[in-house]
Structure formats: C-alpha cells, structure tokens
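So you can see what is in the structure, the chains are spelled out below.
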Amino acid sequence: MRILVIEDEPKIAQAVKRGLELKGFAVDVVYDADTGLAHASDPDYDAIVLDRMLPGSMDGVALCQKLRAGDISTPIIMLTARGTIGDRVEGLNSGADDYLVKPFSFDELTARVRALLRRPPVQVGTSLKLADLTLNTGSYEVHRGKEPIKLSHKEFTLLEYLMHHPGQVITKDMIISHVWDQDADILPNTIEVYIGYLRNKIDRPFPKSEALLQTVRGFGYKLSTG
C-alpha cells in the first residue's frame with residue numbers, strides 16, 4: 001500500500017518514511033502544502049499522513065479542507081504537535097479521519113494507518129480473508145487453510161493490495177503505483193516476476209484448492225472470488 005507523507009521537518013519526515021517502510025508500505029514524502037496538494041490529488045495513494053503546520057499557501061487544516069472539497073476521499077491522518085481538544089476537533093472537522101499528536105510511537109502510527117485502510121467486509125480486525133487465504137496485517141502472517149506461507153516484504157505488500165480489491169482486475173501500472181514508491185525504477189516485467197513468486201507460494205503448493213491468483217490476458221491480474 002502506498003502512503004503520502006506531507007511533513008515540513010526533514011528529520012521527522014524521513015523517520016516516518018523509514019518507519020512505515022519497515023512495516024511494508026511504499027512511502028513518498030513532500031515538504032510543503034502546495035506540493036502536498038498536488039501529490040494528494042493523485043488517486044494512487046492509499047492514505048495520507050499530514051502535518052498540521054506546513055509552509056506554503058495553506059496549513060494542514062486548510063489543505064485537508066481543500067482536498068475534501070475537491071472530492072478527494074483518500075484517508076488522512078493528521079500528525080501534529082498541537083494536541084488540545086480544540087485542535088483535535090478542528091482537525092477532524094476539516095476532514096481528517098484520525099489525529100495523532102507528536103511525539104508518537106511508530107507502532108501506534110502504523111496501527112492507525114492500518115485502521116484507515118480497512119475496507120469491510122473483506123477485512124475484519126487485522127485480517128484480510130479470501131476463500132481459505134488469510135493475511136494478517138498486524139502479525140504479517142499469511143495462511144492458506146492452516147498452512148503458513150512465508151512471503152518477502154514486497155510479496156506481502158503486493159498480496160495485501162490485491163486482497164483489498166478481490167475480483168477486480170489490477171493492471172501493472174496500478175500495482176507499480178500502489179506497491180512501489182515514486183523513486184523506484186520498476187519495469188512491467190518486474191511485476192510479472194513478483195506475480196510469479198506469489199503464485200508459487202499461494203497457489204501452486206495447494207493443488208487441491210482453487211487457484212486464486214489469475215492472469216487476465218492483456219489487462220492485468222485479479223484474485224478470484226469464486
């Protein structure tokens with residue numbers, strides 16, 4: 001899943017980026033409100049971590065209001081040192097989905113980002129489930145039936161993205177946009193390789209079960225819903 005961080009303090013921004021990347025997210029960082037507005041309008045982002053105090057023509061509250069007024073529905077968590085009740089109310093009323101006060105723990109930030117990404121009914125608690133395939137975003141465990149499946153970081157992120165869109169055809173460009181950050185030099189053949197890795201782990205070892213990961217020739221890939 002791809003996250004946009006809008007934070008003007010470089011040290012904090014890079015720390016947030018590293019922390020989220022260690023949890024399996026692809027993360028892009030911008031440092032001012034106007035660049036943040038341009039990036040946040042991109043539908044390829046799955047969530048936005050937004051600082052409240054930003055340089056530029058607007059602060060984080062105004063930026064959030066502008067995004068919502070423009071029908072940008074990407075989940076937003078506001079990350080700020082301003083933590084009074086009034087500040088929280090103003091941030092949430094501006095359209096933010098959550099509000100986290102600095103200093104914060106990366107475990108809490110990750111948990112809150114994960115909470116924003118949950119899309120029922122395919123996800124309950126920290127688990128995504130499709131047929132007999134289960135992915136736990138809290139423990140980073142994957143099972144097919146009762147059998148554990150060991151995935152690399154990127155394989156896990158790719159599978160998580162696909163499981164958020166069961167039955168939907170996902171193109172290579174969509175995968176690149178949501179699973180890798182904008183600085184990554186990824187070729188379409190790379191996606192084919194990772195799809196192959198994933199198929200070898202979630203389908204081929206289970207010949208008695210339905211093959212879930214399907215190639216839609218000329219279009220992309222999808223996880224079968226039966």
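A.B. asks: Before we move on, could you go through the packing of helix α2 (residues 33-40) against helix α3 (residues 60-69) and cite the residues and values that matter?
C.D. replies: Running from N to C, α2 and α3 point in directions that differ by 25 degrees, and their axes come no closer than 10 Å. Taken together, the axis directions place α2 and α3 in an arrangement best described as roughly parallel. The handedness of the crossing between α2 and α3 comes out as right-handed. Across the interface between the two elements, A33, L37 and A40 of α2 pack against L63, K66 and L67 of α3. By residue class, the composition of the contact of α2 with α3 is 5 nonpolar, no polar and 1 charged.

A.B. asks: Please provide a residue-by-residue account of the nonpolar core, values included.
C.D. replies: The biggest cluster of nonpolar side chains holds 46 residues, and the ones touching the most others in it are I3, L20, L159, I175 and L223. In terms of residues, this core owes the most to one element, helix α6 (residues 153-163), which gives 6 residues. Ignoring any residue separated from it by four or fewer positions in sequence, one finds I3 in contact with L20, F25, A26, V27, D28, Y45, A47, V49 and V113. Formed by 21 residues, the second largest nonpolar core is a distinct cluster that contains I48, M58, L67 and I76.

Rules used in this analysis
- Residues numbered from 1 in each chain as written.
- Predicted model: local features only at pLDDT ≥ 70, side-chain atom pairs only at ≥ 80, totals over all residues.
- Heavy atoms only, no water.
- Axes fitted to C-alpha atoms, helices over the stretch in contact; angles between N-to-C directions.
- Helix = DSSP H or I, 4+ residues; strand = E, 2+ residues; numbered from the N terminus.
- Parallel < 35°, antiparallel > 145°, perpendicular 65-115°, else oblique.
- Left-handed = near helix turned anticlockwise from the far one by under 90°.
- Contact = heavy atoms within 4.5 Å.
- Nonpolar A, V, L, I, M, F, W, Y, C, P; charged D, E, K, R; others polar.
- Core = buried A, V, L, I, M, F, W, Y, C linked by side-chain atoms within 4.5 Å.
- Buried < 20%, exposed > 50% of the residue type's maximum accessible area, 1.4 Å probe, protein only.

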